[in-house]
Amino acid sequence: MDLFEYMRTTNMEKESPLAARMRPRTLEEVVGQEHIIGKDKLLYRAIKADKISSVIFYGPPGTGKTTLAKVIANTTSAEFTQINATVAGKKDMEEVVAKAKDLQGMYGKRTILFIDEIHRFNKSQQYYLLPFVEDGTLILIGATTENPYFEVNSALISRSIIFELKPIPKEAVKELLRKAVYDTDRGMGAYHAVIDEDALDFLADISGGDARHALNAIELGIMTTQRAADGQIHITLEVAQECIQKRAVRYDKNGDNHYDTISAFIKSMRGSDPDAAVYYLARMLYAGESVTFIARRIMICASEDVGNADPNALVVAVNASLAVERVGMPEAQIILAQAVTYVASAPKSNASCNAIFEAMGEVEQTGNLPIPTHLQDAHYKGAAKLGHGTGYKYAHDYPNHYVEQQYLPYELNGKEFYRPTGNGYEVKIKEHMRRIRREAGQKEQL
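Residues numbered from 1 in each chain as written. Predicted model: local features only at pLDDT ≥ 70, side-chain atom pairs only at ≥ 80, totals over all residues. Heavy atoms only, no water.

**Considerations on the side chain of Thr66**
The condition is simple: We count a stretch as a helix when DSSP gives it H or I for four or more residues in a row; a strand needs E for two or more, and each element gets its number in order from the N terminus. Two residues form a contact once any of their heavy atoms are found within 4.5 Å.
The residue Thr66 is located in helix α5 (residues 65-75) in this model. Apart from residues lying up to four places away in sequence, Thr66 is in contact with Arg23, Phe114 and Asp116.

If you want it as structure tokens, here you go:
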């Protein structure tokens, strides 16, 4: 390292954002992830023994993924190299691999490659790393906010240990904020600021377990608040609220919060509560959920839970899906709200949904039962000579365009799959089927 590089590094340490300066340097300083770095846990033991293997850290922003990588960098005897998948390309990886081979060949030294935002690498970039991870040229540490089982190829997953980081508990965030305000070494202690307890509670709560978010807010508050008559900077609740104008909604698109929200959204539509449904729609939109993903869930609900009780629900949902793709945000929220409130308010029936599930179960159990001969196709070569289609009755030649004949395989004669309910349009379906069967002299089956 030359003089200029040394000065640059020194200045960055002093002038970097508070969140970067407060980043833990040792395992003992890391807070909130005791389930993976407690003293009896595998990761703790591996880091302390400098025997780390390929790992992927997965969790929401601000929970310590990069921090753990930095801690490993500070404790390992291996060469530690970091790249960011948002800007790195194949050439960068080739340089890392070449250097790793040299270090391994000349000195027997391992190389740890930390890839931040690893889910940003495309599949070919991920596959490039595979042989070098497999033969030990590289020890991979990946960090991602996305579910690695979706975003990282299965070959790398199988060669890595997945560690999921959780949102940092409120009390741990509060302790971190106290240290940030009063610490004179890496924190803001030199500014002689004090923070009220209610402001501390507010910031710790509103950060949603994201330490970086909380530290950025406290830094902004201290840097922009004038000193009081006593010479101190007072971080009150009012100051804290000004520092975070928008509540930090924790919403990992592949994590539990994502699935909990979409589950509540669907169940509210199914339960005919348009108010709750549009509320969960707003939460997803507020957090930046994909409008096409939301539209797909509405279409599924329109068919699964509304079905033929209101066949128009699926029409509305499909058209909403097409419309949001053409319009985009923010206007797409209006279209989605219309579809959501329509589906939530529509009469409900899962009869058609149950019908296919029961039919699939029957097929699985009984296999390909013979199709009645009169329903078989008579047009392909030789089929008519085999009697295919013989005796088929053309429904439109009969009253009500209906005629009694065997449609199901004979082994399933009399089997019912679709049972229309007494809700919405299915009332008319039920009455219609009863009428035409009655007039055809067939025993009622509905």
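After that view of the structure, there is still more to cover.
**Some details on the packing of aromatic side chains**
Short version of the rule: Aromatic rings from Phe, Tyr and Trp, with only the six-membered ring used for Trp, were paired whenever their centres fell within 6.5 Å, and each pair was classed as stacked if the ring planes differed by under 30 degrees, edge-to-face if by over 60, and tilted otherwise. Each residue's exposure class comes from its accessible area (1.4 Å probe, protein chains only) as a fraction of the maximum for that residue type: buried when under 20%, exposed when over 50%, partly exposed otherwise.
Here the structure, examined in full by the defined rule, presents four aromatic pairs. Pairing Tyr279 with Tyr280 gives two aromatic rings, centres 5.1 Å apart and planes at 70 degrees, and the pair type is edge-to-face. On the accessibility criterion, Tyr280 (22% relative accessible area) is partly exposed.

**Looking at the nonpolar core**
Put simply, the rule reads: We call a set of buried residues a nonpolar core when its members are Ala, Val, Leu, Ile, Met, Phe, Trp, Tyr or Cys and they connect through side-chain atoms within 4.5 Å of each other.
If you look at the biggest cluster of nonpolar residues, it comprises 31 residues, and the most contacted ones within it are Leu177, Ile195, Leu203, Leu215, Ile218, Ile222 and Ile235. Looking at this core, the elements that each hand over two or more residues are α2 (18-21), α10 (170-182), β6 (193-195), α11 (197-206), α12 (211-224), β7 (233-235) and α13 (237-243).

**Focus on the confidence of the model for the protein**
Put simply, the rule is: The pLDDT score gives, residue by residue, the confidence of the prediction method on a 0 to 100 scale.
Per-residue pLDDT for the protein has a mean of 85; in total, 91% of the residues score no lower than 70. Across the protein, helix α18 (residues 332-345) holds the top mean pLDDT of 95, while helix α1 (residues 3-15) sits lowest at 49. Between residues 3-12, whose pLDDT stays under 50, and residues either more than four places distant or in other chains, the model counts two contacts.

**Brief notes about α18**
We count it as follows: For a helix, the expected span equals 1.5 Å multiplied by the residue count minus one. Read the arc as the range of directions from the helix axis to the C-beta atoms.
Here α18 is 14 residues long and its end C-alpha atoms lie 20 Å apart, about the 20 Å a rise of 1.5 Å per residue gives. Taken together, the buried positions of α18 are Ala332, Ile335, Leu336, Ala339, Val340, Val343 and Ala344. Along the axis of α18, the buried positions cluster into a sector of 155 degrees, meaning they face one direction only. Within α18, the exposed residues directed more than 90 degrees away from the buried face are Ile334 and Gln338.

**Digging into the packing of helix α6 (residues 90-107) against helix α7 (residues 123-134)**
Let me state the cut-off plainly: Axis geometry follows a simple rule: fit a line to the C-alpha atoms, using only the stretch in contact for helices, then measure angles between N-to-C directions, giving values from 0 to 180 degrees. Any angle from 65 to 115 degrees is called roughly perpendicular, while one under 35 is roughly parallel, one over 145 is roughly antiparallel, and all others are oblique. Under this grouping Gly is polar, as are all residues other than the nonpolar Ala, Val, Leu, Ile, Met, Phe, Trp, Tyr, Cys and Pro and the charged Asp, Glu, Lys and Arg.
Where α6 meets α7, the axes come as close as 11 Å, and the angle between the chain directions of the two elements is 5 degrees. Classified by the interaxial angle, the pair formed by α6 and α7 is roughly parallel. Residues Lys90, Met93, Glu94, Val97 and Lys101 of α6 form the contact with α7, whose own contacting residues are Gln125, Tyr128, Leu129 and Phe132. Considered class by class, the residues forming the contact of α6 with α7 number five nonpolar, one polar and three charged.

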